[in-house]
Amino acid sequence: MDPSLAVRETAAGALRNLSACGGFDVCDDMVTNDIMTPLVVLLKECSTGLDANQLSPKKCRGVNKNYIEDIANEAINLLWNICECNNTALYIFNKEGCLEAVLHYMKKFATNVDLAISVANCLQAVTEDNPDLLSSFNASAQQILEAVMLSPESTMKHILLRTLIAGTIWNIKDTIPPGSLGSTVNAILKIFSESLAIDAGETIIRMNEAEKNRLKLPVEPETEENMSDSTENCVLTEDDNMEEIPKGKLGRENDVSDLLPSDKWELKEVTALLTAQQTALEIIVNMCCSEDPSDDEWEELSSSDESDLFMENSYNEGSGLLLSPLCLSDEVNSAFLNNLIPKKILEKTAFPNSVAVDICMHNPSWKPLIKKLNAVQCRALTCLQSILLVSDVDCLGGASALQSLAQHLSQLIFSKTELPTDTEFLEAVTSALRALLQTMASKNISQCMTPEQLLALCEAGIQSSNASVRVNVVSILGISGSVLAKGQDTAETLKMIGKFLLEVAMKESSLVVAGEALDALFDVFADGEEAERAALQIKLLSTLKEFQPVFRMRIRKEGKGQYSTDQLCVLDNVKMNLRRFIAYQETLGKTPT
């Protein structure tokens, strides 16, 4: 709250950096030390003075600097970071009526898109799982958001802005009258469709070329009037004082577009596009199952609403899977299909454009885009998994559609000479493949992965440091093994699968993964002559009988403190099923062959 506006901006920027880089601990300390009191005062004061048009007497890079808007931008980002990390800050946000001030900044979206994006990020954070705030979204507030959603500007920054506002409106959907929900979601999905329809790789190539051409242009000679434009940090005048405002700030992965140097506008545009696509995919995941229904609601959904999700075409160059969210009305499902979003999701699961990646690799300032390209691919795979998990098997478009999708996922895994090692990608692709193979197995649809590919994937995945990846590959092996057990002349393959799963169950450091390996063994060797023959040859029964007391002891010793209540419940079920499976295997040994 220093009298100097430049000092205020610098202080707010420094606190923003601390909150972004320090994470939960620093944000908690800030709230404990009452940062919210001056921050709320600053936000409301800036909101009141927003239309005062307080400009710097000197231009910064040819543009008059608006102190109030720039201070507000730093303060909003600080507020976003703190509210995302700390529930007390969110409570104060609600109690102090900060929404009105924050929405007032959004009215500047037509002239200051960077400020609007910061506000939109903050709004999306504070509206998520915050029912106490819903009553504050009156008709006036919703009109402000609607105006942004309907804005015609086509820059990537504006696409990001509309995407973030669409996410906010989804968060406050309970305030929308039921009769308007369908049209509202249709508008949301059109925004996501607009974002996902853009080819990020081609955009990188085009924007990089535009940057090169721009930098070839002759530089305007420096004069006394524009000299400040050529410096990295603009020297600004407020009253009679000269103060330098540092512009190089650190931020989170999702909070970078306004932190890049101002002469990197092409890079800012691409960054905004990739952030918009990642955000859209994350929100669609939530839309696929928008609530956490009670057990009774799940029972009702499973009996009546599962058929809302379907595919019409197989995945190939000419067509895409057409799916719709499970937990929404028929009107909303129709909107989902009309926007053809699932096809665009599948397109995003492909590897990034190699030419674009090469451009980024050889340009230090563009290199961070590679991480964002990979993040979009991973979010698309997570989207695909979510859609498959809530799908109705009979309406998936037939065996050919599922096999085409399985082939596509297999190509992602096996298209290169070495299996992928990137943890985030491996978790996303194995999760999607696991959901798909489970769906295919439930309808006895033949699977496209060879036993050799299957084991290669599992041997690579089980080395991952990520427990979710290890759980996924063990589950995939169990699903595929149970299918093979129903076939002919598969005993040798089942032996390899059985040995692999036994080794994981006995040597795996994580009880959760070990339990998944045992579950997979139960599935593979549950039934069938081939499974019985393979079980005898690998001495499955005697090995499990020896391992049973070890597994029980591990649960007793390691369970408390290391695993959640849900995980312990699952492990108890595995322990009980192990006892039953051993008893079942013993009866097989007594049955004459």
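The structure we're discussing is the one just above.
Nothing here was measured: the structure is a model prediction, and the numbers come from that model.

Quick word on helix α20 (residues 467-484)
Piece 1. For α20, which comprises 18 residues, the first-to-last C-alpha distance of 26 Å matches the rise-based estimate of 26 Å (1.5 Å per residue) to within 8%.
Piece 2. Within α20, 14 of the 18 residues are buried, which leaves the element mostly enclosed by the surrounding structure.
Piece 3. Its side-chain oxygen placed 2.7 Å from the backbone nitrogen of S468, N466 serves as the N-cap of α20.

Digging into the packing of aromatic side chains
The geometry of an aromatic ring pair comes down to the distance between the two centres and the angle between the two planes.
Piece 1. One pass over the structure, following the stated rule, counts four aromatic pairs.
Piece 2. Taken together, a centroid distance of 5.4 Å and an interplanar angle of 40° make the contact between F351 and F425 tilted. Here F351, found in the loop between α14 (341-348) and α15 (354-361), pairs with F425, found in helix α18 (residues 423-442); they are 74 residues apart in sequence, far enough to count as distant.
Piece 3. According to the relative accessible area criterion, F351 is partly exposed, its value standing at 30%.
Piece 4. Overall, F425 belongs to the buried group, its relative accessible area being 4%.
Piece 5. A ring pair is formed by F581 and Y584, whose centres lie 6.1 Å apart and whose planes are at 45°; its orientation type is tilted. Of this pair, F581 and Y584 are both found in helix α25 (residues 565-590), three residues apart, which corresponds to roughly one turn of the helix.
Piece 6. What makes F581 buried here is its relative accessible area of 7%.

Notes on unusual backbone geometry
Piece 1. The phi dihedral of D34 is positive, around 65°, even though this residue is not glycine.
Piece 2. Judged by its relative accessible area of 41%, D34 falls in the partly exposed class.
Piece 3. Unlike most non-glycine residues, N444 shows phi in positive territory, near 55°.
Piece 4. If you trace the backbone, N444 turns up in the loop between α18 and α19 (451-461).
Piece 5. Taking the relative accessible area as the measure of exposure, N444 reaches 63% and is therefore exposed.

Observations regarding the side chain of N130
Piece 1. Position of N130 relative to the elements: it lies in the loop between α6 (113-127) and α7 (139-149).
Piece 2. Assessed through its relative accessible area of 5%, N130 is described here as buried.
Piece 3. In this structure, N130 is in contact with L90 and N94, ignoring residues within four places of it in sequence.

How each quantity is defined
Residues numbered from 1 in each chain as written. Predicted model: local features only at pLDDT ≥ 70, side-chain atom pairs only at ≥ 80, totals over all residues. Heavy atoms only, no water. Helix = DSSP H or I, 4+ residues; strand = E, 2+ residues; numbered from the N terminus. Expected span 1.5 Å × (residues − 1). Buried < 20%, exposed > 50% of the residue type's maximum accessible area, 1.4 Å probe, protein only. Polar contact = N/O pair within 3.5 Å; in protein donor to acceptor, adjacent residues only side chain to side chain. Phe/Tyr/Trp six-rings, centres within 6.5 Å; stacked < 30°, edge-to-face > 60°. Contact = heavy atoms within 4.5 Å.

So, to be careful, I would describe these as geometric facts and stop short of saying anything about function.
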